[in-house]
Amino acid sequence: MVDFPSCTLLRRDLAPHLKTLMGPWWFAQFDPVLKFLRQQKGLCRFATLAAFPAQEKRLDALILCTTEIFMYLEENLKLTPQNLSDKAVASDELEEIYQQVISSTLLALATLLDVLICLQEERPGFENVTTEPKHASKARVAAVSFAEKLFKDHKYFLDFLRSQRPTIRSATYSVLKSLIKNMPEAINDGNIKTVAGAILGAFNEKDPTCHPSMWDVILLFSRKFPDSWSSLNIQKSILNPFWIFLRNSCYGSHQVSYPASVLFLDSVPPKSVGGDKFFLEFFKNLWVGRKTSLSVDRLAFFQALKECFLWSLKNASRYNDGGDSIRHFRVTLVDNVLVKLLWKDFLAAGSSKANDIINSGKAIDSSEENVSHNMKVDMLNTKYPMPYLQELGKCFVEILLGTYMLDNDVLSVFIEELEDNCVGALQQAGNVDIVERIILFMLLLEKHAVLKGAIWPLAYIVGPMLAKSFSIIRSSDSPENVRLLSVAVSIFGPRMIVQEVFIKNRGHYSSKLSYDGDKVGEADDFMQIFKNIFVPWCLQSNSCSTSARLDLLLALLDDEYFSEQWSFIITYVIDRSSSEFQPGLLDADHAATLAMLLEKARDESMKRKVKDDSSHGQGCNAEDWHHEYLESSAIAVSRSLPPFSTSHVQFICSLLGGLTEGRSSFLSRNALILIYEEIFRKLLSFIQVSPFFWVQNTASMLNNDAKICVEFDSSLNIVEIAQFALEILDGSFFGLKTLDGESGLVSGILSAIFIIEWGAI
C-alpha cells in the first residue's frame with residue numbers, strides 16, 4: 001500500500017511527465033498481457049493509480065490529458081505488422097503482437113469515448129463521481145473531434161472489421177457501438193449506406209467470441225437508424241446472412257444470440273420487412289438451427305423461441321392494419337409455427353408411423369412447403385431423448401398459455417389439429433407412440449398450466465378432444481387409448497371431465513340425459529353417466545384393455561360420491577355373476593375381474609392417502625372399500641366345493657390382503673374369522689384322512705381346541721380342497737396377524753400347515 005504522504009510526493013514527481021505517461025497507461029488498462037503481469041506480480045495499476053487513488057482525481061487526469069491519449073491511440077492504429085518493431089522478430093510473433101496492440105487500442109478508444117462523452121451516470125469506471133469535472137466540456141469537444149477524425153481516416157473502421165483476428169473484430173464492434181451511442185451525428189447521408197452494410201450485415205461473423213459485441217452494435221444501430229435498412233438490399237445484405245446465422249445454430253453462441261433474437265425482432269423496422277413472410281422465415285430458420293446436445297443450450301433455445309413467438313403475436317399490429325389482418329397474421333403463425341413445427345415435432349419425432357397419421361388425408365399446401373425437406377427427414381429419423389421432449393413440451397405449453405391470454409380464438413387451428421391427430425391415432429390399432437405423446441402433452445399441461453391455476457386447458461383443449469374421441473376409445477380394446485382418458489380424469493377430476501365430454505360437448509357425443517344447469521342437476525348427470533356408461537363399459541369381460549379400464553373406473557371415483565359409486569360397482573358385478581356349478585357363487589370371470597379391481601383399489605387407496613397427505617379423505621382407508629356383498633361373496637367362495645378356480649383364490653386373497661406385511665384387508669373382522677375358520681376346516685378334512693393314527697388324533701385335538709365341526713362328503717376330492725385352502729393362505733399369510741384374540745384359530749391353522757408340510761400324510 002502507498003501511504004498518503006507518498007501519494008502526494010508521487011503526484012508531484014509525475015506532474016511534469018503526466019501527459020506523456022497517460023496514453024500508455026490508458027492503453028495498458030486494456031492490454032490482457034500487461035493486466036496478467038500486474039496480477040501475477042501483485043503490482044498496483046501503475047504509479048498513476050497510486051498517485052490518483054480517488055476516482056475524481058483519475059477522471060481529472062484523463063480530462064487533462066485527453067489530447068495526448070487520443071494522439072497515442074491514433075499512432076497505435078497506424079501501426080502495421082511490418083513497422084511494429086525494428087528488431088528481428090518472427091513474422092507470426094509480430095502478427096500476434098499486432099493484433100494484441102490493435103484490439104487493446106480499439107477497446108481503449110471505445111471506453112475513452114464512453115468516459116468523456118457519455119452522460120455522467122453512465123461513465124464506465126467512474127459511476128461514483130457525482131460532480132461534473134472542471135474541464136469536462138472541453139475534453140468532450142476534443143474527444144468528439146478526434147473520434148470523427150479517426151472514424152473518417154480509418155474508413156469507418158471497416159478494415160478492422162475484415163481482420164482475420166476475432167479479437168480485432170470484436171473490439172471494432174465495441175468502437176462502433178461507442179461511436180453510435182455517443183456520436184450518432186457521425187453517421188450521415190454520406191456514410192450511412194456503407195456503415196449500415198457493415199453493421200447490419202455482420203451476421204456473417206462466425207466466431208462466437210465476437211457475438212456479444214456484434215449483437216450490441218447491431219441492436220443499437222438498428223434502433224438509432226431504422227431508416228438505414230432502406231439504403232440496403234435487405235434480403236441480400238441482412239436477411240440472407242441472418243437466416244444462415246440461425247440455421248447454423250448461431251455458430252455456437254447460444255447463450256448470447258438466442259436471448260438477443262427477440263431484441264432483434266423488436267429493433268427491425270416494420271416497413272422494411274414483410275409481416276407473414278418474414279416471421280415464417282425467421283421461425284423456420286431458427287427451428288432448423290436448434291441443437292439437442294447440451295441441456296443448457298436447449299433451454300436457451302426454447303426460451304428464445306417462446307419469447308420470439310409471443311412477441312410476434314403481441315406486436316402483430318406493427319405489421320398489419322385492422323382486426324381481420326391482425327387475426328390472419330396470428331392464425332398464420334400459430335398454424336405454421338406452433339402446429340406444423342413444434343407440435344408436429346413433439347408428436348411425431350422419431351416415429352414415421354406417427355408422421356403418416358398426422359398427414360393422413362391432408363393435402364400439402366403452400367404453407368407446408370415452408371418446412372424444408374431436410375427438416376422433415378430430421379423429424380422422422382431423430383429419436384429424441386425424453387429431456388428434449390419435456391423441454392419442447394414445456395415451451396409449447398407456455399406458448400399456448402401466452403397465446404390464450406392474448407387471443408384465445410387463434411388457438412382454434414391447433415385444437416382442430418389436436419382432435420384430428422388424436423382421432424387418427426386412436427383409430428389405427430397398435431400406434432402407441434402418438435397416444436403416449438398426447439398423454440405426455442396432457443401431463444405437461446397439468447404441470448405447467450393446471451397446477452398454476454389455469455382451468456382453460458380442459459374447456460378449450462382436452463374436453464373437445466375427448467368428446468370427439470370417446471366413442472373410438474370406448475369401442476377399441478387398446479390399453480393406451482383407455483389410459484388417455486384415465487390421465488385426463490386424474491388431471492382434471494371425474495366430474496369436470498364428465499361435464500366437458502358428455503354435457504358441454506353434446507354435439508360430439510349423443511346423450512339423452514337431462515341437464516338443468518344447477519348443482520343437483522350436474523350431480524344427477526354425473527352419476528347417471530357413471531352408472532349407465534362407464535360402469536358397464538369398464539366391467540366388460542376380460543380383454544386386452546381390462547386392466548386399463550379398471551384403472552379408469554377407479555379414477556372416476558369422486559370424493560363426494562365415493563360411497564355411492566363403489567357400492568354401485570360391487571352390486572353391478574355381483575348381480576351379474578352366477579356360477580353354473582354352484583348357484584349363488586361368483587363365476588370365475590367376475591371373480592377375476594373383482595380380484596384385479598380390488599388389488600388396484602388397494603393401490604388407489606395408497607395414492608389417495610399420499611395425494612391428500614391425510615387418512616381422512618374418501619378412499620384413503622381400507623374401511624372405505626368395505627361392502628356387504630364383497631363379504632358375503634368371499635364367505636361363499638371360502639365355503640365352496642370343488643371344482644375350484646384360480647380366479648376364486650385371487651378374489652379371496654385380494655380381499656384378505658396379507659400377501660406382504662402391511663397390506664390391509666377389505667373385510668370386517670367377523671368376515672375374516674369366518675373365512676379363516678373355513679380354511680382351517682378344509683385343512684383338517686385333509687389331515688383326518690391320513691393313514692397315520694397319530695395324525696388323525698392330532699386332527700381331532702385341533703378340531704376340539706378350535707371348536708370347529710369338520711364334515712365333508714367322502715366322495716369329494718379332499719386333496720383339491722386342501723390345495724385350495726393352502727393357495728389362499730399362501731396369498732394372504734400375513735393376514736393372520738390381524739386375528740389377534742383368536743389364538744386358537746391362528747395356532748390351529750399354523751399347526752395344520754406344519755403337519756402337512758412335515759409330510760406325515
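One structure accompanies this document, and this report is about it. (Residues numbered from 1 in each chain as written. Predicted model: local features only at pLDDT ≥ 70, side-chain atom pairs only at ≥ 80, totals over all residues. Heavy atoms only, no water.)

1. What to know about the overall build of the protein
In terms of regular secondary structure, the protein is built from 35 helices and 0 strands. Taking all 761 residues of the protein together, the buried fraction comes to 53%. Of the contacts made within the protein by residues no fewer than 6 positions apart, 75% connect residues no fewer than 24 positions apart. When the accessible surface of the protein is summed, it comes to about 34800 Å², and 53% of that surface belongs to carbon and sulfur atoms. (Helix = DSSP H or I, 4+ residues; strand = E, 2+ residues; numbered from the N terminus. Buried < 20%, exposed > 50% of the residue type's maximum accessible area, 1.4 Å probe, protein only. Contact = heavy atoms within 4.5 Å. Areas by Shrake-Rupley, 256 points an atom, 1.4 Å probe, with all protein chains shown as cover.)

2. A word on the packing of helix α30 (residues 628–638) against helix α32 (residues 669–688)
With their axes 9 Å apart at the nearest point, α30 and α32 run at an angle of 5 degrees to one another. If you check the angle between α30 and α32, you find them roughly parallel. Where α30 approaches α32, its residues E631, A634, I635 and S638 are matched on the opposing element by A671, L674, I675, E678 and K682. Here the contact of α30 with α32 is built from residues that sort into 5 nonpolar, 1 polar and 3 charged. (Axes fitted to C-alpha atoms, helices over the stretch in contact; angles between N-to-C directions. Parallel < 35°, antiparallel > 145°, perpendicular 65-115°, else oblique. Nonpolar A, V, L, I, M, F, W, Y, C, P; charged D, E, K, R; others polar.)

3. Section: the pattern of salt bridges
As enumerated under the stated definition, the model contains 27 salt bridges in all. Residue E96 pairs with R165 through a salt bridge whose shortest N-O separation is 3.2 Å. Taken together, the residues E96 in helix α7 (residues 91–117) and R165 in the loop between α9 (158–161) and α10 (166–182) connect sequence positions 69 residues apart. On the accessibility criterion, E96 (38% relative accessible area) is partly exposed. Classification of R165 as partly exposed rests on a relative accessible area of 23%. Residues participating in the shared-partner salt-bridge network are E74, K149 and D153. (Salt bridge = Lys/Arg side-chain N within 4 Å of Asp/Glu carboxyl O.)

4. Let's talk about the packing of aromatic side chains
Within the structure shown, the criterion is met by 53 aromatic pairs. Their ring planes at 75 degrees and their centres at 5.5 Å tell us that Y258 and F301 sit as a pair that is edge-to-face. Residue Y258 is found in helix α14 (residues 254–267), and its partner F301 is found in helix α16 (residues 295–314); the two are separated by 43 residues along the sequence. For the pair Y258 and F301, one class covers both residues: buried. Ring plane angle 80 degrees and centroid distance 5.1 Å describe the contact between F278 and F279, whose orientation is recorded as edge-to-face. The same class applies to F278 as to F279, namely buried. In this structure, R602 packs its charged tip against the face of F666, placed 4.4 Å from the ring centre. (Phe/Tyr/Trp six-rings, centres within 6.5 Å; stacked < 30°, edge-to-face > 60°. Lys NZ or Arg CZ within 6 Å of the ring centre and 35° of its normal.)

5. Comments concerning the packing of helix α13 (residues 234–247) against helix α15 (residues 275–288)
Taken N-terminus to C-terminus, the directions of α13 and α15 make an angle of 30 degrees; their axes are 6 Å apart at the nearest point. When the interaxial angle is binned, α13 and α15 end up roughly parallel. Contact residues: α13 offers L239, F242, W243, L246 and R247, while α15 offers F278, E281, F282, N285, L286 and V288. Grouping the constituent residues of the contact of α13 with α15 by class yields 8 nonpolar, 1 polar and 2 charged.

6. Things to note about the nonpolar core
The biggest cluster of nonpolar side chains holds 242 residues, and the ones touching the most others in it are F157, L342, F441, F534, W566 and F651. In this structure, W566 is in contact with L554, L557, L597, L598, A601, D624, W625, H626 and L630, ignoring residues within four places of it in sequence. (Core = buried A, V, L, I, M, F, W, Y, C linked by side-chain atoms within 4.5 Å.)

7. Looking at the environment of D276
As for its position among the elements, D276 is in helix α15. Assessed through its relative accessible area of 23%, D276 is described here as partly exposed. Considering only alpha carbons, one finds D276 and Y319, 43 residues apart in sequence, at a separation of 8.5 Å. The contacts of D276, once residues within four sequence positions are left out, are H328, F329 and T332.

8. Some words on unusual backbone geometry
With omega at 5 degrees, the peptide bond leading from P642 into P643 counts as cis. Here P643 shows up in the loop between α30 and α31 (646–656). You will see that S249, though not glycine, has its phi angle at about 55 degrees, which is positive. Mapped onto the secondary structure, S249 falls in the loop between α13 and α14. A relative accessible area of 1% means that S249 is categorised as buried.

9. Comments concerning helix α17 (residues 323–348)
At 3.6 residues per turn, the α-helix brings residues three or four places apart onto the same side. The principal kink in α17, of about 35 degrees, is found at V339. In terms of burial, α17 is largely enclosed, as 20 of its 26 residues are buried. (Bend = angle between axes of the 7 residues up to and from the residue.)

10. Comments concerning a nonpolar patch on the surface
Together, F692, W694, F754 and W758 make up a nonpolar patch on the protein surface, roughly 500 Å² of accessible area in all. Residue W758 is classed as exposed on the basis of its relative accessible area, which comes to 56%. (Patch = residues over 30% accessible without salt bridge, like charges linked within 9 Å, V, L, I, M, F, W, Y side chains within 5 Å.)

11. Structural notes on the environment of S645
Topologically, S645 is positioned in the loop between α30 and α31. In the structure, S645 is positioned 56 residues away from D589 in sequence and 9.9 Å away in space, judged by C-alpha atoms. Within the local environment of S645, its side chain forms a polar contact with the side chain of H648, the two groups lying 2.7 Å apart. (Polar contact = N/O pair within 3.5 Å; in protein donor to acceptor, adjacent residues only side chain to side chain.)

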